[in-house]
2 protein chains.
Amino acid sequence: MAAARMSTRAPVARSQPFAPQALGRSSSTCFQGRCVARAAHTARRSVRVFVVKAEDKTVVIGLAADSGCGKSTFMRRLTAVFGGTAKPPAGGNPDSNTLISDMATVICLDDYHALDRTGRKEKGVTALAPEAQNFELMYEQIKAMKDGKPVQKPIYNHVTGLLDPPEEIKAPKILVAEGLHPFYDERVRELMDFMIYLDISDEVKFAWKIQRDMAERGHSLESIKASIEARKPDFDAYIDVQKKHADVVIQVLPTQLIPDEKEGKVLRVRMIQKEGVKFFNPAYLFDEGSTISWIPCGRKLTCSFPGIKLYYGPDTYFGEAVSVLEMDGAFDKLEELIYVESHLSNTSGRFYGEVTQQMLKNSSYPGSTNGTGLFQTVCGLKIREVYERITQNTVMPVVG
Amino acid sequence: MAAARMSTRAPVARSQPFAPQALGRSSSTCFQGRCVARAAHTARRSVRVFVVKAEDKTVVIGLAADSGCGKSTFMRRLTAVFGGTAKPPAGGNPDSNTLISDMATVICLDDYHALDRTGRKEKGVTALAPEAQNFELMYEQIKAMKDGKPVQKPIYNHVTGLLDPPEEIKAPKILVAEGLHPFYDERVRELMDFMIYLDISDEVKFAWKIQRDMAERGHSLESIKASIEARKPDFDAYIDVQKKHADVVIQVLPTQLIPDEKEGKVLRVRMIQKEGVKFFNPAYLFDEGSTISWIPCGRKLTCSFPGIKLYYGPDTYFGEAVSVLEMDGAFDKLEELIYVESHLSNTSGRFYGEVTQQMLKNSSYPGSTNGTGLFQTVCGLKIREVYERITQNTVMPVVG
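The following paragraphs examine the structure supplied in this document. (Residues numbered from 1 in each chain as written. Chains lettered and ligands numbered in written order. Predicted model: local features only at pLDDT ≥ 70, side-chain atom pairs only at ≥ 80, totals over all residues. Heavy atoms only, no water.)

1. Observations concerning the overall build of chain A
Broken down by element type, chain A carries 10 helices and 18 strands. Looking at the 400 residues of chain A, the share that counts as buried comes to 55%. Across chain A, the fraction of contacts at a sequence separation of at least 24, relative to all contacts at a separation of at least 6, is 68%. (Helix = DSSP H or I, 4+ residues; strand = E, 2+ residues; numbered from the N terminus. Buried < 20%, exposed > 50% of the residue type's maximum accessible area, 1.4 Å probe, protein only. Contact = heavy atoms within 4.5 Å.)

2. Section: the relation of the copies chain B and chain A
Each copy of the sequence occupies a distinct position, and chain B is placed on chain A by a rotation of 180 degrees and an axial shift of 0.1 Å, giving an RMSD of 0.0 Å. Taken together, the rotation and translation relating the two chain copies correspond to the operation of a two-fold axis. Ranked by how close their C-alpha atoms come to the rotation axis, the residues of chain B are headed by S293 of chain B, at 2.5 Å. The residues that chain B uses at the interface reappear at the interface of chain A in 100% of cases, marking a shared surface. (Least-squares fit on C-alpha atoms with pLDDT ≥ 70 in both.)

3. Re the state of the cysteines
All names here are of chain A. As enumerated under the stated definition, the model contains 2 disulfides over all chains in all. Here C297 engages in a disulfide with C303; their sulfurs sit 2.1 Å apart. The sign of the S-S torsion, about -90 degrees, decides the handedness of the disulfide formed by C297 and C303: left-handed. (Disulfide = S-S within 2.5 Å.)

4. Some thoughts on the pattern of salt bridges
In this structure the tally under the stated criterion is 46 salt bridges over all chains. Between K243 of chain A and D199 of chain A there is a salt bridge, with the nearest N and O atoms lying 3.5 Å from each other. Of this pair, K243 of chain A sits in the loop between α7 (221-239) and β11 (248-254) while D199 of chain A sits in strand β10 (residues 194-200), placing them 44 residues apart in sequence. The residue R268 of chain B makes a salt bridge to E326 of chain B at a minimum N-O spacing of 3.1 Å. Here R268 of chain B is found in strand β12 (residues 267-274), whereas its partner E326 of chain B is found in strand β16 (residues 320-329), with 58 residues between them in sequence. Owing to a relative accessible area of 13%, R268 of chain B belongs among the buried residues under this scheme. Since its relative accessible area comes to 8%, E326 of chain B is described here as buried. (Salt bridge = Lys/Arg side-chain N within 4 Å of Asp/Glu carboxyl O.)

5. Some words on the interface of chain B and chain A
Across the contact, 22 residues belong to chain B and 22 residues belong to chain A. The largest per-residue losses of area from chain B upon contact with chain A belong to D287, T291 and R299 of chain B, which jointly make up 37% of the total buried on that side. At the boundary of chain B and chain A, one finds 4 salt bridges. Note that D287 of chain A and K300 of chain B form a salt bridge whose closest N and O atoms lie 3.3 Å from each other. Run the count over chain B and chain A and you get 21 residue pairs in polar contact (both at pLDDT 80 or more). Looking at the side of chain B that touches chain A, the elements that each hand over two or more residues are β14 (291-295), β15 (308-317), β16 and α8 (334-343) of chain B. In terms of residue count, the dominant contributor to the side of chain B that touches chain A is β14 of chain B (5 residues). In the side of chain B that touches chain A, the residues fall into 9 nonpolar, 7 polar and 6 charged. (Buried area = accessible area lost by both parts, 1.4 Å probe. Polar contact = N/O pair within 3.5 Å; in protein donor to acceptor, adjacent residues only side chain to side chain. Nonpolar A, V, L, I, M, F, W, Y, C, P; charged D, E, K, R; others polar.)

6. What to know about the pairing of strand β9 (residues 174-179) of chain B
Residues and elements named next belong to chain B. The buried count for β9 comes to 6 of 6 residues, which makes it a mostly enclosed element. Where burial is concerned, the two faces of β9 agree: the one with I174, V176 and E178 and the one with L175, A177 and G179 are both buried. Pairing between strand β4 (residues 59-64) and β9: 6 bridges, direction parallel. For A64, the partnering residue across the bridge sits in β9 and is G179. Direction of pairing for strand β6 (residues 104-108) relative to β9: parallel, over a ladder of 5 bridges. Bridge pairing in β9 links C108 to E178. (Pairing = 2+ DSSP bridges.)

7. Description of helix α10 (residues 371-392) of chain A
Side chains of residues three or four places apart in an α-helix project in the same direction, reflecting 3.6 residues per turn. Compared with an ideal rise of 1.5 Å per residue, which puts 22 residues at 32 Å, α10 of chain A spans 31 Å between its outermost C-alpha atoms and is within 8% of the ideal. Within α10 of chain A, 20 of the 22 residues are buried, leaving the element largely enclosed by the surrounding structure. (Expected span 1.5 Å × (residues − 1).)

8. Re helix α4 (residues 135-146) of chain B
All names here are of chain B. Taking 1.5 Å as the rise per residue, α4 with 12 residues should run 16 Å; its terminal C-alpha atoms sit 16 Å apart, in good agreement. Every buried residue of α4 is listed here: F135, M138, Y139, Q141, I142, A144, M145 and K146. Elements in contact with the buried residues of α4: β4, β6, β7 (151-156), β8 (163-169), β9 and α5 (186-190). In the stretch just after α4, G148 is the one whose phi turns positive, near 90 degrees.

What follows is the structure, encoded as structure tokens:
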């Protein structure tokens, strides 16, 4: 059982000549669900291969993003792929941050705050600072759940700013750890089977904050600017730095289709997909590995202004090879979404139109007509694939 | 027989509500080589359809271009598609401008000069002026060949500048009429089954002329500039105006891949393909009717600087719907050409790799590594398709 629960990202695998990439689809031969690593990829002769049946494994997904950046929408899209309704633990603390559905449990890493609101004020640190987090406990509890054990997870009460008595969380099939620091601590990071970073650009963040805090809560423009500025040094130092670890970064930028569009209503969204990640094959447009820009609106598909523009191409991101899939603009009608989906490859959809079906099912969620909804949905399908590939076909090479 | 030889561009068809476009693939149903026009495309009820077996028909292809713009290379590429060696008429005038191969005969429209070099000088007109052409005879003789009859075609002797005694030209299967004015005269134009205009931009023309006249013939830069300037008014008035009639314009421009490249060695070539032309379905990249730019060089295909960039998209050209296929840069090695061909659709190639095979066969011709060679080859395949569709499956609707 312990072997079955060994992390696919275990430090030992990362530091050996037999790199984790070599465990992925490209370097293993699979037949009827059983995979054998190809010995040709390593100079060592004594590679022993054994197959672990691991359908009970807890797969850990990390989602990093700033507060107020649409993490909860993203979570709803992800859990929707697995079905069932996401609810707080039954009969528990009404201010619990946990959501449990049939297959997936989403925990909020704010629950691992080491300091409550008063404590942070006393020590003069923000909620973004590492000193305000209990990474030790975060690691222990995620590790325990990965090993199939229930944990007594603390609750950070966002209403009171206090640490409430803990709640019991059972090891789910899929554990989604969302919050500010899922990849900050190395040991926590190594537990992650798949890592997503939601990267909202300063311009869009500002536009959204104005919309929410000024229009809906009556804050002044100056106070919004001041609060963003005050937060920025810690954000850059502790949150933004995690981007480089992510397998997928969803970058949300202002549109380039309308000059000087500043309202954040039309978005250019980029899905930056790391190459060579185990169990993950980046989605692409038309021709894998080449560079393409595509305006689907034309003779067969008519769109209203400003239309849609897609882009795909190889790039490097923090020195690592990535493939970028980008969508600028918004879907105006259903045909456009179907048309775009039909030209995407490696979406990990199980049937033709699954992305569209998911988007329609969740059409009331923010971002359903643009690249955030599209790529969050693709991420959901990717997570399902990662889950399936880990739990159904796990090859554990032992170098020795 | 007369019906079989009726032009597919007959004026009657052009001026009737049942437009010639309606005879093309998009509005007819074909099964086992027999096509029936769809009556739904016209409001008239009394459209009668009859099928003409027309394998002996002479198909007329027009190629318009300025002198020194590579028409002869283009011709060699076109005739290469049909096989056989192109030779001047056997035992005839050694200064004949005609080339005869198994299926195709290429005539040069300079042979229809109404004035010889002295005559033009006396009247003060250039070889570009309509007054210097005998359009009446051009029409009569092309019409006669289209009707299966041989003609006594005059010969303009480019060496002496005189009009030599005529030569007999038999009606070929494919008649290519190349020269300065194939689409200038309306009656001549209406005889054309397919029209190509080779449009070399001023910058490239200038670069080529410098290369040839300065480097090879010792002319001065000033005299080259002066000769281009002197020619320009007549060129614009009588040659350039024909572009709007062409079914395909091959536009040759300086590259955009290297800033300030002025030597005309790296080229951006655009194939502007008219939509709705009978027997002609434009070639495209990935997704018909949308807009795409594609850099094939990347993870799967490596290229040396400056690489290759392709573009495809709908546009309008002189008010008419066109599809533009564009290639910038040069093929560095065979794989690049194969890779590009494998991603093009509607090339009219009969088997996978036919474009590449043709390009290799003619690799000694100028332009074999760039878009001129690529698109001239595609034009050759398109002409073959036009020929086959006219002669094997002709639907002649009679409105009445």
